[in-house]
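# Notes for the structure review
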Amino acid sequence: MKAYDGMYIDGAWRPAAGPDVIEVVNPADGQVIATVPAGTVEDVDAAVRAARAALPAWAATPSAERAARLAALRDVLVARQDEIAQTVTAELGAPLKLSQTVHAAVPIAVAGSYAELAATYPFEERTGNSTVLHEPVGVVGAITPWNYPLHQIVAKAAPALAAGCTIVVKPAEDTPLVARLLAEAVHEAGVPAGVFNLVTGLGPVAGQALAEHPGVDLVSFTGSTAVGRRIGAVAAAAVKKVALELGGKSANVILPGADLARAVNVGVANVMSNSGQTCSAWTRMLVHRDQYDEAVELAAAAAAKYGDRIGPLVNAKQQERVRGYIEKGVAEGARLVAGGPDAPREQGCFVSPTVFADVTPDMTIAQEEIFGPVLSVLRYEDEEDALRIANGTVYGLAGAVWAADEAQATAFARRMETGQVDINGGRFNPLAPFGGYKQSGVGRELGVHGLTEYLQTKSLQF
């Protein structure tokens, strides 16, 4: 076990203000692998003060130089890609292949995309007799989750830095090690002192202090809708800007005539990826009544293949939460066709890949975010019924549509109340905006839309 010390504040690792530490546990075997400081209000204050002091110079730095620092950061992350993957596997429990291809590779792509955007975005433009300036919003407080621990930080820090903002990051207490690695990479990339700051700590202490701090101009949060509401209320009291990426209950709609086997297999893979700990996972599969039984059989068979291929959930609390949802599904009348509430292993925070059939739209497992490897298969009568079910939750983060005719799938996707829809297995695009409708959040991440979240506009009339 390694005992890490200090917070990354103003370009250096500084001793924490308090003596408390957080234990980092490998959820695959329950072993404590490290400790990190539990940040205090004083630590957060020091980090915000450093960010405020660094803001004028960084905001005035030419965008080409900011782009160069982000390109250097990308290069450092490439050089440390194996270390990143191993770190995520140790603290999150993700299989090493997933850590390599997703947890390490995607943040590298995102950092690279913002290096390019910082160099090309029109931070100043003319309209009529006015010059419109796109200026940094100021100091950003970023509070990030554990499910994609590096990506979620880079998706906030890279556009913030590209915009000319400075930032204080409070990573999830379950996965702080890769965040420390990122701080080292930022330092190695030559980002000036105070531009990027890192405070590890608990949400109710360090996270709340960061959200409430009067020196923070924008709070960017990814996590549960319940916590997002609290952060929104705190920010509203100070008329502070927020960017919230919250929960999801995304629908995977398979229209008649689609390639059923492919749609089901890809849909199951989507849900099981990262042990189901993905806010945009397609956890509701909607199938026409005439193909329903076949789809259920295909889904059950596909899920069975993931029994020894997915990692654990992040901790024992999350494991029990997911098992509780599975028990709730059974109690409400859904039919288990794969998996179940029993832990598949004696050691570690594992949950069996689970598929429910005979799920109705009003069931708890069809309405609430479970955040585990659990799929609900629902039947529909016609397209209008499918649309009603797809739009029938408080969430609207992502989704999918499958059809033989791409135009038919596109027409259906346009009517879905959700922020991102994959059509016939469309590929992930790091330049496309990501974010939700309804209670799935406010604002967008990735690409140019993610950059503009960290900008404010000023007009000069001549």
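Our subject in this report is the structure included herewith. No experiment lies behind these values; they were computed from the predicted model shown.

## Observations concerning the overall build of the chain
For the chain, the helix and strand inventory stands at 15 helices and 21 strands. Taken against the 2.2 N^0.38 rule, which gives 23 Å for 462 residues, the C-alpha radius of gyration of the chain at 22 Å falls within 12% of a compact globule. Its C-alpha atoms give the chain principal-axis dimensions of roughly 65 × 60 × 40 Å. A total of 462 residues make up the chain; the buried ones form 58% of that total. The contacts of the chain with a sequence gap of at least 6 include a subset with a gap of at least 24, amounting to 73%. Here the chain contributes 37 positive and 50 negative side-chain charges, whose respective centroids are spaced 3 Å apart.

## Examining the sheet that holds strand β19 (residues 422–423)
Ordered by their spatial adjacency, 7 strands build an open sheet running β15-β16-β17-β14-β13-β18-β19, and the pairing between neighbours is mixed. Each edge of the open sheet carries a strand with a single partner, namely β15 (335–338) and β19. Of the strands in this sheet, β14 (284–288), β15, β16 (354–357) and β17 (374–380) are in contact with helix α10 (residues 292–304), which crosses β17 at around 170°.

## Things to note about helix α9 (residues 260–272)
The end-to-end C-alpha separation of α9 is 18 Å, in line with the 18 Å expected for 13 residues at 1.5 Å each. Buried within α9 are the following residues: Leu260, Ala263, Val264, Gly267, Val268, Val271 and Met272. All buried residues of α9 lie within an arc of 155° about the axis, which places them on one face of the element. Buried-residue contacts for α9 involve β13 (251–254), β14, α10, β16, β17 and β18 (399–402). Just past α9, the residue Asn274 takes up positive phi, approximately 55°.

## Focus on unusual backbone geometry
Among all residues save glycine, negative phi is the norm, and among peptide bonds the norm is trans. With phi around 55°, Asp10 is a residue other than glycine that occupies positive phi space. Along the chain, Asp10 turns up in the loop between β2 (7–9) and β3 (12–14). With a phi angle near 65°, Phe371 is a residue other than glycine that sits in the positive phi range. Relative to the assigned elements, Phe371 resides in the loop between α12 (364–367) and β17.

Quick notes on the rules
- Residues numbered from 1 in each chain as written.
- Predicted model: local features only at pLDDT ≥ 70, side-chain atom pairs only at ≥ 80, totals over all residues.
- Heavy atoms only, no water.
- Helix = DSSP H or I, 4+ residues; strand = E, 2+ residues; numbered from the N terminus.
- Rg over C-alpha atoms; globule rule 2.2 N^0.38 Å.
- Buried < 20%, exposed > 50% of the residue type's maximum accessible area, 1.4 Å probe, protein only.
- Contact = heavy atoms within 4.5 Å.
- Lys, Arg positive; Asp, Glu negative; His and termini not counted.
- Charge placed at Lys NZ, Arg CZ, Asp CG, Glu CD.
- Pairing = 2+ DSSP bridges.
- Axes fitted to C-alpha atoms, helices over the stretch in contact; angles between N-to-C directions.
- Expected span 1.5 Å × (residues − 1).
- Arc of directions from axis to C-beta.

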